[in-house]
Amino acid sequence: MLRCSRLKNAERDSDPSALGLRFHSSVPIYAGPTLLGVMNVASEDWRELRPDELQLLHIISDQIGLALQRARLSAEHTRAAARLATTEERNRLAREIHDTMAQGLAAIALQLETADALIQTRPERTHEAIQRALSLTRQNLEEARLSVMDLRAAPLQEHTLPEALATLATVEPFPVVQYSYTPMPQFPALPARIEAGLYRIAQEALTNVRKHANARHIEMRLIAEEQWISLRIQDDGDGFEPDNVPQHNGPNTGHFGLTGMGERVRILGGSICILSEPGTGTCIEVSIPY
């Protein structure tokens, strides 16, 4: 095209919209049959481009398209490798839990069988065997609980952490959860235990707000930096005094409360900050290294 509607008045020096440009060339950028975009080349010098110059621009656009295609394939390969690594880690954890529980239960059964055999003849040995069985039970319960905390949550089976949190934000229509994450769209792949921990923390925090805060709006934001990932959840609810929260939440209550959130963060090697005052809402910010 020898004339362009965008620069039709460029030959008139008084035209400020031309920004000094006198000609331009637009070259499509393809990756195979797929159009990716357009490369625009402009200049203040007015002259018609020669065929060899146009050919050079097409070669450059082909190289750009090839580079974009390679970058896209590399990103897809990285995501696929991350999913495979996640699946392998989940299977490994499942095997470890099975082996640990099997060995632990076998040892407990042995101690109880010993106690049962000696209960009539040697009551002191019976007492020792029962005490060993109780100690083994406590140890195996703690190991199983920590291992289960490392497993991926069910919503993360086929989704990334940002996708799972987006679904979690829409579970209940009220209060409205405004959710965002950065960087978009190339959110980094994270270890399974970190994704599971952050998902459970977000799940518990949203549940607490919906049950107790009387909030109308919740803001949840996930931010990935070079070495840290942060989760921030803020509501406009009733608020509370963090120092006055009773320390009775635990595994026997059926859910992890604020104490459980802190324990998850500690296991992941991160930090948690809870800011709240009565009448001003609550802000929970968690930072985890990865």
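Residues numbered from 1 in each chain as written. Predicted model: local features only at pLDDT ≥ 70, side-chain atom pairs only at ≥ 80, totals over all residues. Heavy atoms only, no water.

1. A look at the overall build of the protein
Secondary structure summary: the protein contains five helices and seven strands in total. Taken from the N to the C terminus, the helices and strands of the protein come in the order β-β-α-α-α-β-α-β-β-α-β-β. Of all 290 residues assigned to the protein, the portion counted as buried reaches 32%. Of the contacts made within the protein by residues no fewer than 6 positions apart, 61% connect residues no fewer than 24 positions apart. Here the protein has roughly 18400 Å² of accessible surface; of this, 55% comes from carbon and sulfur atoms. (Helix = DSSP H or I, 4+ residues; strand = E, 2+ residues; numbered from the N terminus. Buried < 20%, exposed > 50% of the residue type's maximum accessible area, 1.4 Å probe, protein only. Contact = heavy atoms within 4.5 Å. Areas by Shrake-Rupley, 256 points an atom, 1.4 Å probe, with all protein chains shown as cover.)

2. Re the sheet that holds strand β4 (residues 217–224)
Where strands meet in a sheet, backbone hydrogen bonds hold them as pairs that are either parallel or antiparallel. Taking strand neighbours across the sheet as the criterion, the five strands line up as β3-β4-β5-β7-β6 in an open arrangement whose pairing is mixed. The two strands at the open ends of the sheet, each matched to only one other strand, are β3 (176–182) and β6 (271–276). Ignoring strand direction, the axes of neighbouring strands in this sheet form an average angle of 10°. With seven bridges joining them, β4 and strand β5 (residues 228–235) adopt antiparallel strand pairing. Residue pairing in the sheet places Arg221 in a bridge with Arg232 of β5. Against the sheet, helix α3 (residues 161–169) engages β3, β4 and β5, with an angle of about 170° to β3. Contacts from helix α4 (residues 192–213) reach β3, β4, β5 and β7 (282–289), with the element oriented near 5° to β5. (Pairing = 2+ DSSP bridges. Axes fitted to C-alpha atoms, helices over the stretch in contact; angles between N-to-C directions.)

3. With respect to unusual backbone geometry
Leave glycine aside and you will find that most residues have negative phi; peptide bonds, for their part, are mostly trans. In the segment running from Thr182 into Pro183, the intervening peptide bond is cis, with an omega of 0°. With respect to the element layout, Pro183 can be found in the loop between β3 and α4. Cis geometry is found at the peptide bond from Met184 to Pro185, where omega equals -5°. With respect to the secondary-structure elements, Pro185 resides in the loop between β3 and α4. The backbone of Asn214 sits at a positive phi, close to 55°, despite the residue not being glycine.

4. Remarks on the nonpolar core
Counting 34 residues, the largest nonpolar core has Leu161, Leu165, Met220, Leu222, Ile229 and Leu231 as its most contacted members. Going through the elements one at a time, α3, β3, α4, β4, β5, α5 (258–267) and β7 are the ones with two or more residues in this core. Element by element, the count of residues in this core is highest for α4, at nine residues. Excluding its chain neighbours within four sequence positions, the residues that come into contact with Leu222 are Leu161, Pro162, Leu165, Tyr179, Ser180, Tyr181, Thr182, Phe187, Ile229, Ser230 and Leu231. In this structure, Phe23, Ile29, Leu49 and Leu57 belong to the second largest nonpolar core, which totals six residues. (Core = buried A, V, L, I, M, F, W, Y, C linked by side-chain atoms within 4.5 Å.)

5. Thoughts on a nonpolar patch on the surface
A grouping of Leu56, Ile59, Ile60, Ile64 and Leu68 is seen on the molecular surface, where their side chains present a nonpolar patch of about 400 Å² in accessible area. As for its position among the elements, Ile59 is in helix α1 (residues 51–118). Judged by its relative accessible area of 43%, Ile59 is partly exposed. (Patch = residues over 30% accessible without salt bridge, like charges linked within 9 Å, V, L, I, M, F, W, Y side chains within 5 Å. Salt bridge = Lys/Arg side-chain N within 4 Å of Asp/Glu carboxyl O.)

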